[in-house]
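Observations on the model geometry
What follows is the residue order along each chain.
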Amino acid sequence: MTDTSTETLHATPNPGTSAWLIGLAVAVPLWFLAYFHLTDFADAVLSLTGFDRGNQLGEAIHFFSYDTPKVLLLLIGIVFFMGIIQTFFAPERTRALLAGKRLGVGNTLAALLGIVTPFCSCSAVPLFIGFLSAGVPLGITFSFLISAPMVNEIALALLLGLFGWQVAALYLGLGLAVAILAGLLIGKLGMERHLQDWVREIHAGGGLPTDGAELNWPTRFLAGWHHVREIVGKVWPYILIGIAVGAAIHGFVPEDFMASFMGKEAWWSVPAAVVMGVPMYTNAAGIIPVVEALIGKGAALGTTLAFMMSVIALSLPEILILRKVLKLPLIATFVGVVASGILVVGFLFNLLI
């Protein structure tokens, strides 16, 4: 693991404050320029292939060309920022602050943050890693990781428009409950030992500066850059693999096939919808047209919501990326707890609506 101790940071050749500020003054606008022109970039890449988005392969290529730079940009930006923030707050201090909260308060705050953060499951992983690197307890980070894709403003707006505020409020409340309770359960299980070794070292605060007052700004910026090299350097291949899998599935999803057995009558339709949703990958904006089509073809609301929540909260690409961060027992626990919560949501909606 890259050593980011105070001594090493001071010993590493480091540009002065002016050089860092000039570099950031160039890099930050370029970051935003790239991030807000991802669709243009994906369109340009697709135009070079000779396909268009009306073609299944073309849709998959466009999806990959859009999501790959999006996730990598988010990862670089968030990890750099968290690396700087970490120089002000030692992990021990962060954990002590959160440990002083009442049971569930940290999970609730993290879940609420997830609602207002417009991330799909893979895009939420960078901030999840950033939380871990800052020493935030594992269960709290999972509450964020679950709520960020599962409960979102796009889905809320759709449900509000199609079914009224009662259904939208029920979706919001149940989604928050899944995120909070799942995070609490994972935290209670004490599964930090199932973080990958390099993540566990960061989470434990190994080799990190413990007195932020000692550091000047160039050293803080260097600490952020060390974080980027360490974390992004380890996970980027998994990001590419995960998004490639998601793009392939995204371009070839048969709506008619799914709608054929998603009615309310069969009890097994909800678990079947969850199992079907896990291998797929899209964000809320991408899945909403599918949800509308399924409901229009007679699929039950609870079954459709269970499918939607599994697609955006338990996607296979997300699991592939998390594999570089979590060991298999923790991934299995995460999937099992969240899937159970989604099943409850699906059955309740089918029962009540």
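The structure reproduced in this document is the subject of the present report. This structure is a prediction, so every number in the text was calculated from the model and none was measured.

**So, the overall build of the chain**
- Across its full length, the chain holds 18 helices and zero strands.
- Of the contacts made within the chain by residues no fewer than 6 positions apart, 83% connect residues no fewer than 24 positions apart.
- As displayed, the chain offers around 15,100 Å² of accessible surface, 70% of which is attributable to carbon and sulfur atoms.

**Details of the packing of helix α14 (residues 269-277) against helix α16 (residues 301-313)**
- Between α14 and α16, whose axes approach to 8 Å, the crossing angle comes to 25°. With respect to α16, the element α14 is oriented roughly parallel. With respect to the hand of their crossing, α14 and α16 are arranged in right-handed fashion. On α16, the residues touching S269, V270, A273, V274, M276 and G277 of α14 are T303, A306, F307, S310 and V311.

**Thoughts on the pattern of salt bridges**
- For the structure shown, the criterion picks out three salt bridges.
- K70 serves as the salt-bridge partner of D67, at 3.4 Å between the closest nitrogen and oxygen. A residue pair is termed a helical-turn pair when its members lie 3 or 4 positions apart in one helix, as D67 and K70 do in helix α4 (residues 56-86) at three residues.

**Some thoughts on the packing of helix α10 (residues 165-188) against helix α18 (residues 328-352)**
- Their axes nearest at 10 Å, the elements α10 and α18 cross at an angle of 155°. With respect to each other, α10 and α18 are oriented roughly antiparallel. Of the two elements, α10 crosses α18, and the hand of that crossing is right-handed. Seen from α10, the contacting residues are V167, L170, Y171, L174, V178, A182, L185 and I186; seen from α18, they are L330, T333, F334, V337, V338, G341, V345, L348, F349 and L352.
- When the residues that make up the contact of α10 with α18 are grouped by side-chain class, the tally is 16 nonpolar, two polar and no charged.

**Here's the deal with the nonpolar core**
- Core analysis: the biggest nonpolar cluster contains 73 residues, and F128, F142, M150, L326 and F334 have the highest contact counts within it.
- Sort the elements by how many residues they give to this core and α10 lands first, with ten residues.
- Ignoring sequence-local partners within four residues, the contact set of M150 consists of Y171, G175, V178, M309, I312, A313, V338 and I342.
- M82, A110, F131 and V136 belong to the second largest nonpolar core, which has ten residues in total.

**Some details on a nonpolar patch on the surface**
- On the surface, I22, V26, L30 and L33 cluster together into a nonpolar patch covering about 390 Å² of accessible area.
- By secondary structure assignment, the location of L30 is in helix α2 (residues 17-35).

**A short note on the side chain of H194**
- Its place among the elements puts H194 in the loop between α10 and α11 (197-203).
- Residue classification places H194 among the buried positions, given a relative accessible area of 15%.
- When sequence neighbours within four positions are dropped, the list of residues in contact with H194 reads L326, K327, P329 and L330.

**Digging into the packing of aromatic side chains**
- Enumeration according to the criterion identifies seven aromatic pairs in this entry.
- For the pair Y35 and F36, a centre-to-centre distance of 5.6 Å together with 90° between the ring planes defines the contact as edge-to-face.
- Taking the relative accessible area as the measure of exposure, F36 reaches 60% and is therefore exposed.
- Summarising the aromatic geometry, the rings of W217 and F221 are spaced 5.5 Å apart at their centres and angled 40° between planes, so their arrangement reads as tilted. Here F221 and W217 lie together in helix α12 (residues 217-250), a separation of four residues that amounts to about one turn.
- According to the relative accessible area criterion, F221 is buried, its value standing at 8%.
- Grouped by ring-pair contacts, the aromatic residues W31, F32, Y35 and F36 constitute a single cluster.

**Considering α14**
- The set of residues buried in α14 consists of S269, V270, A273, V274, M276 and G277. Burial along α14 is one-sided: seen end-on, the buried residues are contained in an arc of 165°.

**Comments concerning the environment of V45**
- Along the chain, V45 turns up in helix α3 (residues 38-49).
- By relative accessible area, which is 25% here, V45 ends up partly exposed.
- Sequence-wise, V45 and H62 are 17 residues apart; in three dimensions their C-alpha atoms are separated by 7.4 Å.
- Residues contacting V45, with those up to four places away along its chain left out, are I61 and S65.

**Quick word on the environment of M150**
- Tracing the sequence through the fold places M150 in helix α8 (residues 138-150).
- Sequence separation between M150 and L176 is 26 residues; the distance between their C-alpha atoms is 8.7 Å.

Criteria and cut-off values
- Residues numbered from 1 in each chain as written.
- Predicted model: local features only at pLDDT ≥ 70, side-chain atom pairs only at ≥ 80, totals over all residues.
- Heavy atoms only, no water.
- Helix = DSSP H or I, 4+ residues; strand = E, 2+ residues; numbered from the N terminus.
- Contact = heavy atoms within 4.5 Å.
- Areas by Shrake-Rupley, 256 points an atom, 1.4 Å probe, with all protein chains shown as cover.
- Axes fitted to C-alpha atoms, helices over the stretch in contact; angles between N-to-C directions.
- Parallel < 35°, antiparallel > 145°, perpendicular 65-115°, else oblique.
- Left-handed = near helix turned anticlockwise from the far one by under 90°.
- Salt bridge = Lys/Arg side-chain N within 4 Å of Asp/Glu carboxyl O.
- Nonpolar A, V, L, I, M, F, W, Y, C, P; charged D, E, K, R; others polar.
- Core = buried A, V, L, I, M, F, W, Y, C linked by side-chain atoms within 4.5 Å.
- Buried < 20%, exposed > 50% of the residue type's maximum accessible area, 1.4 Å probe, protein only.
- Patch = residues over 30% accessible without salt bridge, like charges linked within 9 Å, V, L, I, M, F, W, Y side chains within 5 Å.
- Phe/Tyr/Trp six-rings, centres within 6.5 Å; stacked < 30°, edge-to-face > 60°.
- Arc of directions from axis to C-beta.

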